[in-house]
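# A structural walkthrough
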Amino acid sequence: MTVGIVVVSHSRALADAAVELARQMLPGRPLTIEVAAGTEDGGLGTDAMAVSEAIAAADTGEGVVVLMDLGSAVLSAETALEFLEDDVRERVLLSAAPLVEGLVGAVVVAAGGATREQVAAEAARGLAPKEAQLR
Amino acid sequence: MNPEQLTAWLQRFAELVHEQKDELTALDSAIGDADHGSNMDRGMTAVVAALAEAPPADAAAVLKKTGTTLVSKVGGASGPLYGTLFLRMAGAADGGFAPALRAGFEGVLARGKAEPGDKTMVDALGPACDVLDAGGSLAEAAQAAADGRDATVPLVARKGRASYLGERSAGHADPGATSTALLLRAAAETLS
């Protein structure tokens, strides 16, 4: 089984588009990517309970790497850990990577069967190609 | 603390937030993302509805229901911050209001990683906890929270969306400190 990915964003549209962009890298390859984004009424915001449910849904037993946008997305992801079962919580890594670049890198290695630590490390170096190009 | 008293406190806080929703949002539009009033109003309206629908049996359950509702319904950073405040209060509900509020405050510090003087809710909540821990009344704690809110006016924000504005964040009270002052005012009015 592969590591699961969760995307936490203020905006459902932003999260869905980021996932669409990342899935371009996985033609025909399955990978669990869950989204927790926006408020119930379709506005901008994050919901720690929804993040918690997304993590539980994405976990196959191999663990989950969570990518976030800014501000309350980070606080909600941290808060979400409190609502998980202990064994699930221990398998979750919250990534400080930039959302889009980190997600693209993460899905490629996750679909290849990498561990959650490897997936998080790939996400964390997500800015490297852009920095190399602009140097 | 009994569940009826706590519910009355939360209902009064919800009323104050609703009455001052536009002022809270105006403060947040000056220095943030203009959603604090509407976010807190949505969250506290949901809390009051949840407590009315299935009144919890004890104080800890009231506080826990409040926390879990806020982390889900507020939307902005105030959700996890106020949510953590109430969840930690729930865990310390047996010791009375002052120790519970102190535990909640420590939860907010751990969650938000803000320090005093960063122009956040910490600047209102910390002084209120200090007053209560020293044996002061809820009215005195509410005054300390209001004074703490006023003291955020000249500060430059170092946390949250307001921190992107740098020096331009000075000159307005912090919205989170302002809503926290309302929380303590509601406590003084209902729990004394």
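The rules we used
Residues numbered from 1 in each chain as written. Chains lettered and ligands numbered in written order. Predicted model: local features only at pLDDT ≥ 70, side-chain atom pairs only at ≥ 80, totals over all residues. Heavy atoms only, no water. Core = buried A, V, L, I, M, F, W, Y, C linked by side-chain atoms within 4.5 Å. Buried < 20%, exposed > 50% of the residue type's maximum accessible area, 1.4 Å probe, protein only. Helix = DSSP H or I, 4+ residues; strand = E, 2+ residues; numbered from the N terminus. Contact = heavy atoms within 4.5 Å. Buried area = accessible area lost by both parts, 1.4 Å probe. Salt bridge = Lys/Arg side-chain N within 4 Å of Asp/Glu carboxyl O. Polar contact = N/O pair within 3.5 Å; in protein donor to acceptor, adjacent residues only side chain to side chain. UniProt positions renumbered as here; feature names shortened; annotations may be inferred. 1 Å grid on protein atoms, 1.4 Å probe; cavity = no way out; pocket = protein on both sides within 12 Å on 5 of 7 lines; lining within 4 Å. Points joined across faces, edges and corners; volume = space filled by probe spheres on them. Nonpolar A, V, L, I, M, F, W, Y, C, P; charged D, E, K, R; others polar. Expected span 1.5 Å × (residues − 1).

### Quick word on the nonpolar core
Ranked by internal contacts, the top residues of the largest apolar core, which has 52 residues, are Trp 9 and Phe 86 of chain B. Elements supplying a minimum of two residues to this core: α1 (3-19), α3 (36-53), α4 (59-73), α5 (78-91), α6 (97-112), α7 (122-133), α8 (138-151) and α9 (175-191) of chain B. Element by element, the count of residues in this core is highest for α9 of chain B, at 9 residues. Leave out the neighbours within four places in its chain, and Trp 9 of chain B touches Leu 63, Phe 86, Met 89, Phe 97, Leu 183, Ala 186, Ala 187, Thr 190 and Leu 191 of chain B. Counting residues in hydrophobic clusters, the runner-up holds 25 residues, among them Val 3, Val 7, Ala 37 and Ala 111 of chain A.

### Concerning the interface of chain A and chain B
Where the parts come together, the accessible area they lose is often given as the size of the interface. Facing 17 residues of chain A, the contacting portion of chain B comprises 18 residues. Buried area between chain A and chain B, both sides added, is near 1,400 Å², and the carbon and sulfur share of it is 50%. For chain A, the biggest contributors to the area lost against chain B are Leu 75, Thr 79 and Glu 82 of chain A; these three give 31% of the whole. For the pair chain A and chain B, the interface holds 5 salt bridges. The residue Lys 113 of chain B makes a salt bridge to Glu 78 of chain A at a minimum N-O spacing of 3.6 Å. At the boundary of chain A and chain B, one finds 8 residue pairs in polar contact (both at pLDDT 80 or more). At the level of elements, α2 (48-58) and α3 (72-80) of chain A are the ones that each hand at least two residues to the side of chain A that touches chain B. With 5 residues, the top contributor of residues to the side of chain A that touches chain B is α3 of chain A.

### Overview of the UniProt feature "domain: PTS EIIA type-4" (unreviewed entry) in chain A
Within the UniProt annotation, "domain: PTS EIIA type-4" (unreviewed entry) is assigned to residues 2-135 of chain A. Along residues 2-135 of chain A the backbone is 49% helical and 14% strand, and the end-to-end C-alpha distance reaches 35 Å.

### Notes on the layout of surface pockets
Volume-wise, the largest pocket comes out at about 880 Å³. Lining the largest pocket are 38 residues; nearest its centre among them are Ala 77, Leu 81, Lys 159, Gly 160 and Arg 161 of chain B. Put simply, the parts of the chain that give the lining of the largest pocket at least two residues each are α3 of chain A together with α2 (21-31), α3, α5, α6 and α9 of chain B. Its residues assigned to classes, the lining of the largest pocket shows 15 nonpolar, 13 polar and 10 charged. In this structure, the second largest pocket occupies an estimated 190 Å³ of space. The wall of the second largest pocket is formed by Ala 36, Ala 37, Gly 38, Thr 39, Glu 40, Asp 41, Thr 46, Asp 47 and Ala 50 of chain A together with Arg 42, Ser 72 and Lys 73 of chain B. Its residues assigned to classes, the lining of the second largest pocket comprises 3 nonpolar, 4 polar and 5 charged.

### Section: α6 of chain B
Taking 1.5 Å per residue as the helical rise, α6 of chain B with its 16 residues ought to reach 22 Å, and the 22 Å between its terminal C-alpha atoms agrees with that figure. Of the residues making up α6 of chain B, those classed as buried are Phe 97, Ala 98, Ala 100, Leu 101, Gly 104, Phe 105, Gly 107, Val 108, Arg 111 and Gly 112 of chain B. The inward-facing, buried residues of α6 of chain B abut α3 of chain A together with α1, α5, α7, α8 and α9 of chain B. Where α6 of chain B terminates, the next one or two residues include Lys 113 of chain B, which has phi positive at roughly 55°.

### Overview of unusual backbone geometry
All names here are of chain B. One non-glycine residue, Ala 34, adopts positive backbone phi at about 60°. Topologically, Ala 34 is positioned in the loop between α2 and α3. The phi angle at Lys 113 is positive, at roughly 55°, despite the residue not being glycine. If you trace the backbone, Lys 113 turns up in the loop between α6 and α7. For Lys 113, a relative accessible area of 51% gives the class exposed.

### Observations regarding the UniProt feature "domain: DhaL" (unreviewed entry) in chain B
UniProt annotation of "domain: DhaL" (unreviewed entry) refers to residues 4-189 of chain B when read in the numbering used here. Each end of residues 4-189 of chain B is marked by a C-alpha atom, and these two atoms are 14 Å apart; helix forms 70% of the span and strand 0%.

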